[in-house]
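# Commentary on secondary and tertiary structure
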Amino acid sequence: MANALAQTTNAYSFNVLDAKGENVSLNAYKGKVMLIVNTASRCGFTPQYEELEALYSQLKDEGFEILDFPCNQFGQQAPETDDEYVAFCQLNYKTEFKQFHKIDVNGENAIPLYTWLKSEKPFEGFDKGHQLTPILEDMFDKNMPGWRTSPDVKWNFTKFLINRNGEVVARFEPTATAADMLPAIKALLAE
């Protein structure tokens, strides 16, 4: 598997399951700018759904897509079934972007897409100006030796930005807001 990932040059090589359990080829998103995000319904960052939906509403007609992957690996903050999760997002945040099957983003059960994303854009640190950064750093310092140099996803709402060629161009940690991401997204949409 590692050798196959090393030869992967774009996101279109991957298949994933949607929230209904149907196989989806990311080739269906060819030519789109994608934001791939791991999410949770019971996280301090969950209100970012409002920002994400606003971004999607504003930019979807220009070729922007958000791919939402619920993940229960961080504090067990996404315990719902896929159907319950979709209902939660639609009811509470009026989400219109596509939600996928709940996944693991780290460890031996991480889906290949996320293994590839992390290899393309490893962790570079949290936004130093964000109020939660010291709390996150303290928590990881106590519980995860070596976390600063590991490419792993650190928490819910880590976002990977993919250009129209399926290449990973940026990684935004949970401490990044929609306003932080907007210039990079608009630049890719203008290409």
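Below or above, wherever it landed, is the structure these notes cover. (Residues numbered from 1 in each chain as written. Predicted model: local features only at pLDDT ≥ 70, side-chain atom pairs only at ≥ 80, totals over all residues. Heavy atoms only, no water.)

### Details of the pattern of salt bridges
- By the definition in use, this model includes nine salt bridges.
- The partner of R148 in a salt bridge is D141, with the nearest N and O atoms 3.1 Å apart.
- A relative accessible area of 42% places R148 in the partly exposed class.
- Each of the salt bridges in this network shares a partner with another, and the network as a whole consists of K128, E137, D141 and R148. (Salt bridge = Lys/Arg side-chain N within 4 Å of Asp/Glu carboxyl O. Buried < 20%, exposed > 50% of the residue type's maximum accessible area, 1.4 Å probe, protein only.)

### Details of unusual backbone geometry
- Of note, K94 is a non-glycine position whose phi angle comes to about 55°, a positive value.
- Tracing the sequence through the fold places K94 in the loop between α3 (82-93) and β5 (98-99).
- At F157, a residue that is not glycine, the phi angle is positive and equals roughly 70°.
- One can find F157 in the loop between α5 (133-143) and β6 (159-162).
- With relative accessibility at 0%, the residue F157 sits in the buried group. (Helix = DSSP H or I, 4+ residues; strand = E, 2+ residues; numbered from the N terminus.)

### Things to note about the environment of T115
- Within the secondary structure, T115 is located in helix α4 (residues 112-120).
- Taking relative accessible area as the criterion, T115 reaches 31% and is therefore assigned partly exposed.
- Separated by 52 residues in the primary sequence, T115 and G63 have C-alpha atoms spaced 25 Å apart.

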